[in-house]
Amino acid sequence: MAAPKLIGSQGESLREAFGKAISTLAINDKRIVVLDGDVAGGTGTHHVRRNCPEQFIQMGIAEQNMVSAAAGMAQTGLIPIVTTFAVFSLRAIEQCRLSVACQNQNVKIVASHPGLDVGPDGASAQCLEDIAMYRAIPNMTVIVPSDPIEMEKATAAIIEHDGPVYMRTGRSGAPTFQSSDMTFTIGKAQILRDGTDVTIFAMGVMVARALRAAETLSQRNIDAAVINISTVKPLDVDTVTQFASRTGAVVTAEDHNVIGGLGSCIAEALAQHSPAPMEMVGVKDSFGQSGSPDELASHFQIDEQSIVNAVTKVLRRK
Amino acid sequence: MKKTIENKQQLAQQARQMSLMSIYNAGSGHPGGTLSSIDILVEVLHEQLDITPQNQLNVERDRFVLSKGHSAPALYAIANQLGLMSEHEMLTLRQLGSPAQGHPDQSMLSWLDASTGSLGQGFSNAVGMAMGNQLQNFAAQTIVVLGDGELQEGQVWEAAMCASHFKLRNLTAVIDYNKLQSDDFNENIMGLEPLSDKFSSFGWHTQSIDGHDFYELSSAFNNARNSPKPSVIIANTVKGKGVSYMENIPSWHGSVEMTESNIVDALTELGIESDSIPAFLERFSIRWQ
């Protein structure tokens with residue numbers, strides 16, 4: 001399978017792609033209301049504020065009330081989209097648990113500024129724990145799109161899906177590599193590159209890095225498969241186990257703490273169904289710091305080279 | 001049809017008997033706040049809101065949220081009076097498999113408008129319902145009942161600010177102000193006064209009433225409906241109301257076990273003739289399975 005071509009490194013951000021997509025959807029579906037905690041400029045929802053202001057609801061800097069109130073709005077037939085930065089959504093994680101998930105309300109929490117991709121704002125703004133927390137809550141669907149095109153398709157899919165969703169966007173410019181006719185299905189992993197020696201499972205901004213790493217590895221005659229896990233929950237266990245058993249070695253790549261994130265998620269599946277040697281690329285249980293996203297990726301060893309190194313290491317364990 | 005004050009008093013008395021029976025059957029529960037809130041809930045559910053088994057699928061229906069979810073036994077007893085819940089379900093509170101969960105759980109009871117039990121969240125749920133109704137021009141009313149200790153949660157004041165900002169005149173909050181919380185009197189834990197001034201300064205229409213007087217309750221809800229602002233009714237109540245050995249005693253907040261002598265004494269005070277009590281206990285001591 002031919003790998004998708006990477007176009008630049010500073011494309012449109014995932015938050016902007018989300019903002020445009022939800023704005024277009026809202027124009028055609030009056031049930032959609034977008035709730036903001038005074039960060040519309042940062043989450044992309046300024047597009048909604050401009051294009052369909054009557055569906056943009058300013059809830060102020062009060063995330064707990066915003067999340068529980070969204071559950072109440074959903075009761076009246078609306079589709080509330082709660083938007084804020086990922087770390088601030090964690091202020092309302094218990095509100096998500098009881099008001100949204102336990103009640104199985106049709107509320108979508110869409111969070112920008114995940115991971116070290118946040119860059120210079122530093123540790124307080126870099127959310128490295130969200131996937132672990134949201135995926136541990138029953139009824140939640142957890143989605144992490146990889147590029148602006150997939151973001152647009154995923155946004156439409158979460159509106160179609162009746163039930164609670166957490167979705168990550170992203171702050172920094174993201175390379176576009178998906179084709180415009182790609183299909184996004186909740187719960188389906190995407191095979192971006194087939195391979196025989198090792199499988200790299202990646203999510204979000206790490207997918208582009210995994211594709212680049214696979215290119216580098218191919219020059220060393222290492223044939224790496226790259227699988228985009230854009231739905232972290234429910235995990236596509238069939239695809240994950242199929243590739244793990246076929247290639248016999250696994251690397252996971254996430255802009256998130258390795259505790260509870262994608263690596264844990266894949267390990268849970270493989271330990272039960274198809275154990276294989278595995279290396280995790282992710283933040284090793286620490287907080288971030290200020291720096292550019294690329295500098296941080298290198299410093300915290302979640303860059304392309306770190307994926308290459310992890311593949312080299314896991315192949316020795318095969 | 002409008003109910004007389006005597007009708008409501010009878011309903012409240014029966015709800016007190018049944019909610020305590022359910023707590024007795026469960027071996028645990030929160031009797032103090034259950035008893036303080038019963039008159040409020042009778043007024044809200046029998047008189048103020050249109051909540052019936054028939055209108056449960058109507059998205060434009062009135063909504064009720066018991067934000068102080070630990071008063072669930074009171075809610076279940078009145079839901080049984082309204083035909084929303086069977087006697088068997090109501091009396092099997094807190095038992096494995098019963099829909100009468102320790103705190104209201106929407107996944108087990110479809111007529112509930114909110115799952116509660118984590119203080120503060122129900123208030124925001126109700127604010128969201130009122131916003132949804134306002135945005136879609138639905139005529140529905142939303143009433144939420146909060147505890148007083150619950151007001152110590154920051155989320156309550158986020159919600160209060162929000163309701164006022166959006167001028168939610170279709171929302172009424174009732175505070176079951178029994179002055180006691182889990183461990184002690186409010187004032188010894190984290191003082192709430194001046195409570196009425198706090199809500200006024202947040203932009204709410206406020207009233208302070210006797211929460212056990214059906215005339216005052218009824219008048220207060222009428223005033224609330226006519227207010228252009230969200231309205232709060234501070235209902236002064238007695239924790240453990242109706243059972244003298246529980247009244248104003250913090251340890252009856254719960255979760256506590258009621259012994260056989262506790263329930264016999266309580267039922268006696270709640271109007272069951274002494275010689276009828278053995279048969280009453282026999283009839284209403286129920287296991288889910």
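Residues numbered from 1 in each chain as written. Chains lettered and ligands numbered in written order. Predicted model: local features only at pLDDT ≥ 70, side-chain atom pairs only at ≥ 80, totals over all residues.

**Student:** Let's hear about the overall build of chain B: which residues, and what values?
**Tutor:** Along the backbone of chain B there are 11 helices and 5 strands. Computed over C-alpha atoms, the radius of gyration of chain B comes to 18 Å, within 12% of the 19 Å expected from 2.2 N^0.38 for 289 residues, which places it in the range of a compact globule. Dimensions of chain B, computed from C-alpha atoms along their principal axes, come out at roughly 55 × 45 × 35 Å. Going through the 289 residues of chain B one by one, you find that 52% of them count as buried. (Helix = DSSP H or I, 4+ residues; strand = E, 2+ residues; numbered from the N terminus. Rg over C-alpha atoms; globule rule 2.2 N^0.38 Å. Buried ≥ 20, exposed ≤ 12 C-beta atoms within 10 Å, placed from the backbone.)

**Student:** Outline the overall build of chain A, listing residues and values.
**Tutor:** For chain A, the helix and strand inventory stands at 13 helices and 12 strands. Scaling as 2.2 N^0.38, a compact globule of 318 residues should have a C-alpha radius of gyration of about 20 Å, and chain A matches this with 19 Å. Overall, the C-alpha framework of chain A stretches about 55 × 40 × 35 Å when taken along its three principal axes. Sequence separation of at least 24 residues holds for 81% of the intrachain contacts in chain A that already meet a minimum separation of 6. (Contact = placed C-beta atoms within 7 Å.)

**Student:** Summarise the environment of B:Leu20; cite the residues concerned and give the values.
**Tutor:** Residue and element names in this part refer to chain B. Relative to the elements of secondary structure, Leu20 occurs in helix α1 (residues 5–26). Linking Leu20 and Ala266, residues 246 residues apart in sequence, is a C-alpha distance of 8.1 Å. Not counting residues up to four positions away in its chain, the partners in contact with Leu20 are Pro31, Met258, Ile263 and Ala266.

**Student:** Run through the interface of chain A and chain B, naming residues and quoting values.
**Tutor:** Of the residues lining the interface, 23 residues belong to chain A; the matching set on chain B comes to 25 residues. Among the secondary structure elements, those contributing two or more residues to the side of chain A that touches chain B are α4 (63–75) and α6 (93–102) of chain A. Residue contributions to the side of chain A that touches chain B peak at 9 residues, all from α4(A). Looking at the side of chain A that touches chain B residue by residue, the classes come out as 10 nonpolar, 12 polar and 1 charged. (Nonpolar A, V, L, I, M, F, W, Y, C, P; charged D, E, K, R; others polar.)

**Student:** Break down the sheet that holds strand β8 (residues 198–202) of chain A for me, citing the residues and quoting the values.
**Tutor:** In any sheet, the strands associate via hydrogen bonds between backbone groups, in a parallel or an antiparallel arrangement. Residue and element names in this part refer to chain A. Overall, mixed pairing links the 5 strands, which are arranged β7-β9-β8-β11-β12 in an open sheet. Looking along the sheet, the strands with just one partner apiece sit at the ends: β7 (190–193) and β12 (278–283). Averaged over all pairs of adjacent strands, the angle between their axes in this sheet comes to 25°, without regard to strand direction. Bridge count between β7 and strand β9 (residues 224–228): 3 bridges; the pairing is antiparallel. (Pairing = 2+ DSSP bridges. Axes fitted to C-alpha atoms, helices over the stretch in contact; angles between N-to-C directions.)

**Student:** Could you give an account of the environment of A:Ala40, naming the residues involved and the relevant values?
**Tutor:** Residue and element names in this part refer to chain A. Relative to the elements of secondary structure, Ala40 occurs in helix α2 (residues 40–43). Distance in space between the C-alpha atoms of Ala40 and Phe56 is 9.7 Å, their sequence separation being 16 residues. Aside from chain neighbours lying at most four places away, what touches Ala40 is Thr45, His46 and Arg49.

**Student:** Account for the nonpolar core, with residues named and values stated.
**Tutor:** Grouped together as the largest cluster of nonpolar side chains are 187 residues, with contacts concentrated most on A:Ile200, A:Ala210 and B:Val127. Top element by residues in this core is α1(B). It accounts for 9 residues. When residues of this core are assigned to domains, at least three map to each of domain 1 (14–168) and domain 2 (190–316) of chain A. Once you skip the residues sitting within four places of it in the chain, B:Val127 turns out to touch A:Asn65, A:Ala69, A:Gly72, B:Ala159, B:Cys162, B:Ala163, B:Leu168 and B:Leu171. (Core = buried A, V, L, I, M, F, W, Y, C linked by C-beta atoms within 7 Å. Domains from an automatic or database assignment.)

**Student:** Can you lay out the sheet that holds strand β3 (residues 171–177) of chain B for me, pointing to particular residues and giving the numbers?
**Tutor:** All names here are of chain B. Within the open sheet, the 5 strands sit side by side as β1-β2-β3-β5-β4. Their pairing is parallel. Each edge of the sheet is formed by a strand with only one pairing partner; in this case those strands are β1 (63–66) and β4 (205–210). Averaged over all pairs of adjacent strands, the angle between strand axes in this sheet comes to 15°, irrespective of strand direction. Note: β4 against strand β5 (residues 231–236), 6 bridges, orientation parallel. Looking across to β5, one finds that Gln207 is bridged to Ile233. Seen against the sheet, helix α9 (residues 214–225) touches β3, β4 and β5 and runs at an angle of roughly 175° to β4.

**Student:** Which residues make up helix α13 (residues 304–316) of chain A, and what values do they have?
**Tutor:** Residue and element names in this part refer to chain A. The terminal C-alpha atoms of α13 lie 19 Å apart, and with 13 residues this matches the ideal 18 Å at 1.5 Å per residue to within 8%. Where α13 is concerned, the buried positions are Glu304, Ser306, Ile307, Val308, Ala310, Val311 and Val314. Tucked inside the fold, the buried residues of α13 contact β8, α9 (206–218), β9, β11 (250–257) and β12. (Expected span 1.5 Å × (residues − 1).)

**Student:** Describe the packing of helix α2 (residues 31–48) of chain B against α9(B), and please don't skip the residues or the numbers.
**Tutor:** All names here are of chain B. Following both chains from N to C, one finds α2 and α9 inclined at 55°, their axes separated by 10 Å at the closest point. Our classification of the angle between α2 and α9 gives oblique. Helix-helix and strand crossings are classified by hand; for α2 and α9 the assignment is right-handed. Here α2 contributes Asp39, Ile40, Glu43, Glu47 and Gln48 to the contact with α9, which in turn contributes Phe214, Leu217, Ser218 and Phe221. (Parallel < 35°, antiparallel > 145°, perpendicular 65-115°, else oblique. Left-handed = near helix turned anticlockwise from the far one by under 90°.)

**Student:** Describe in detail the domain arrangement of chain A, supporting the description with residues and values.
**Tutor:** Accessible area lost upon the coming together of the parts is a frequently used measure of interface size. Residues and elements named next belong to chain A. Entries for chain A in the domain assignment read domain 1 (14–168) and domain 2 (190–316). Contacts between domain 1 and domain 2 engage 25 residues on the former and 31 residues on the latter. For the side of domain 1 that touches domain 2, the secondary structure elements donating two or more residues are α7 (130–135), β5 (141–143) and α8 (148–160). In terms of residue class, the side of domain 1 that touches domain 2 is made up of 13 nonpolar, 6 polar and 6 charged.

**Student:** Please give an account of the environment of A:Asp194 that cites residues and values.
**Tutor:** Residue and element names in this part refer to chain A. Mapped onto the elements of the fold, Asp194 is located in the loop between β7 and β8. Given 17 C-beta atoms within a 10 Å radius, Asp194 is considered partly exposed. Put simply, Asp194 and Ala297 are 103 residues apart on the chain and 25 Å apart in space, counted from C-alpha to C-alpha.

**Student:** Let's hear about the packing of α9(A) against α13(A): which residues, and what values?
**Tutor:** Residue and element names in this part refer to chain A. Where α9 meets α13, the axes come as close as 8 Å, and the angle between the chain directions of the two elements is 55°. Judged by the inter-axis angle, α9 sits oblique to α13. Viewed along their axes, α9 and α13 form a crossing whose handedness is right-handed. Contact residues: Arg209, Ala210, Arg212, Ala213, Thr216 and Leu217 in α9; Glu304, Ile307, Val308 and Val311 in α13. Within the contact of α9 with α13, the residues separate by chemical class into 6 nonpolar, 1 polar and 3 charged.

**Student:** Please give an account of the pairing of strand β1 (residues 32–36) of chain A that cites residues and values.
**Tutor:** Residues and elements named next belong to chain A. Counting buried residues along β1, 5 of its 5 residues qualify, which places the element largely inside the surrounding structure. Of the two faces of β1, the one holding Ile32, Val34 and Asp36 and the one holding Val33 and Leu35 are both buried throughout. Across 5 bridges, the pairing between β1 and strand β3 (residues 79–85) is parallel. Counterpart to Ile32 in the pairing with β3 is Ile79. Pairing between β1 and strand β2 (residues 56–58): 3 bridges, direction parallel. Its bridge partner being in β2, Asp36 is matched across the sheet by Gln58.

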